[in-house]
Structure formats: C-alpha cells, structure tokens
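Architecture and fold: a report
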Amino acid sequence: MLCLWVSTSQSNSKTMLPLKSTSYTIKAMSDCLFCEIVAGNIPCKKVEETDTLLAFEDINPVAPIHVLVIPKTHIADVLGITDNHSSVIADMYSMVNKIAKDRGLDKMGFRLVVNNGSEAGQTVFHLHFHLLGGRPMAWPPG
Ligand code: 5GP
Ligand code: ZN
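These lines cover the structure that appears in this document, whether it is placed above or below. Every value quoted in this text rests on a predicted model; they were computed, and no experiment measured them.

In terms of regular secondary structure, the chain is built from 3 helices and 8 strands. Starting at the N terminus and ending at the C terminus, the chain contains elements arranged as β-β-β-α-β-β-β-α-α-β-β. A burial count over the chain gives 23% of its 142 residues as buried. Taking the contacts inside the chain whose residues are at least 6 apart along the sequence as the reference set, 51% of them involve residues at least 24 apart.

Listed below in structure tokens is the structure:
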C-alpha cells in the first residue's frame, strides 16, 4: 500500500514529500520539476516506466533521440547517491540499455550524459541521464 505524507515548512526551504511503500520509499521534493512529472502534475512524453524509474522525451532535444531517464525518488545529483540507491542506479542503466536497443542505438552508438552541478550545465536538480543519439557526437563536449 502506498501512502503520501507531507511535512510542512514555515520557511522557504524545500519540503520533502516521501511516498512510502513496504518495499521502497519514493521521496519527492515539493519544488522539483521532475518530481512533479513523476507525480503526474506536469505532463511528459513517456518512453518507459517502472515502479522506480521514469523515462521521457526531453522537452528541448539536442539530438534526434534525447530521452531523460530518472529515478522516481528524489536524488538531487550524483553526490546525493548513497548505498541505498545502488539498486535504482543499476536499474537506470538497464533502462538505458533497453531504450538504446529499442531505438536502434546499439548499432550506431549513443552518448549518456549526467550534468552534475550548475557549472557543468545541470539545470534540474533531480538526478537524470540524458540518453542522446541519432547524430555524430563531438568530443570534447562543450
Ligand atoms: P540538465 O540541464 O539538468 O542536465 O537537464 C535538464 C533537462 O531537462 C534539459 O535537457 C531540459 O531540456 C529538460 N527539461 C526541462 N524542463 C522540462 C520539462 O518540463 N519537460 C521535459 N520533458 N524536459 C524538460
Ligand atoms: Zn525531484
């Protein structure tokens, strides 16, 4: 059974909204865009979904194929990953594997990007893979 509890905050700080199940705890951040997408409050073009992950088309694609793969639980960035997340992180790679094969990227190659921190270009502080493909990729990245 899932239950949602909301902790209130008097300050302007972020509010955690854990969605608990007996086997897995999904935490949502109240002002996080991707948590809102997970909650269904903001629409997305869904590509894949499991109990713990969501993949959807990037709203501003930078390649012919540009899919975002995110954990449903709120993890801000790579530095927010803990040992408790090992299973969901492994699942993110499995989902990339599936989508890449489904889109034919296993033959032509693809790039998997995680921008960590604003200096690196992170704009949404909910961990996500950018799965990019369908065109040649330059190196080094800009
Ligand atoms: P970042 O810059 O944090 O690495 O990546 C965030 C990505 O989220 C960007 O590629 C951006 O285009 C995408 N994005 C931002 N807002 C939305 C949205 O509302 N819907 C979808 N599908 N993608 C979004
Ligand atoms: Zn979030």
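Take Pro64: it is sitting in the loop between strand E5 (53–57) and strand E6 (65–71). The class for Pro64 is exposed, based on 10 C-beta atoms found within 10 Å. Sequence separation of Pro64 and Arg135 is 71 residues, and the distance between their C-alpha atoms is 6.9 Å.

Omega for the bond connecting Trp139 with Pro140 falls within 30 degrees of zero, at 5°, which places this linkage in the cis form. Relative to the elements of secondary structure, Pro140 occurs in the segment after strand E8 (129–133).

Right, let's talk about the environment of Val47 for a bit. Assignment of secondary structure puts Val47 in strand E4 (residues 46–49). According to the C-beta neighbour criterion, Val47 is partly exposed, with 19 such atoms within 10 Å. Here the alpha-carbon distance between Val47 and Val67, two residues 20 residues apart in the chain, equals 7.7 Å.

Taking strand neighbours across the sheet as the criterion, the 5 strands line up as E4-E5-E6-E8-E7 in an open arrangement whose pairing is antiparallel. Either end of the sheet is taken by a strand with one partner, and the two such strands are E4 and strand E7 (111–113). Ignoring which end each strand starts from, the neighbouring axes of this sheet average 20° apart. Sheet topology places E5 next to E6; 5 bridges connect them, and they run antiparallel. From the neighbouring strand, Leu54 faces E6, where its bridge partner is Ile70. Relative to the sheet, helix H2 (residues 86–102) contacts E4, E5, E6, E7 and E8, its axis offset from that of E6 by approximately 155°.

Right, let's get into the pairing of E8. In terms of burial, E8 is a largely internal element, 4 of the 5 residues being buried. Both E6 and E8 contribute to a ladder of 5 bridges, which runs antiparallel. Its bridge partner being in E8, Val67 is matched across the sheet by Leu131. Judged from the 3 bridges that link them, E7 and E8 form a sheet pairing that is antiparallel. Paired with Leu112 across the two strands is Leu131, which belongs to E8.

Cut-offs and rules
Each chain carries its own residue numbering, running from 1 in the written order of its sequence. Here every chain gets a letter starting at A, and every ligand a number starting at 1, in the order they are written. Where local features are concerned, this predicted model is filtered to residues with pLDDT of at least 70; where side-chain atom pairs are given and counted, the filter is 80 or more; whole-chain, interface and lining totals use all residues. Helix and strand definitions follow DSSP, with helices as H or I runs of at least four residues and strands as E runs of at least two, each counted in order from the N terminus. Partly exposed residues are those falling between the two cut-offs: more than 12 but fewer than 20 other C-beta atoms within 10 Å of their own, whereas 20 or more means buried and 12 or fewer means exposed, with C-beta atoms placed from the backbone. Remark: residues whose backbone-derived C-beta atoms lie within 7 Å of one another are considered to be in contact. Pairing between two strands requires that DSSP report at least two bridges joining them. Orientation is described by lines fitted to C-alpha atoms, with helices fitted over the stretch in contact, and by angles between N-to-C directions that extend from 0 to 180 degrees.

These figures capture arrangement, not role.
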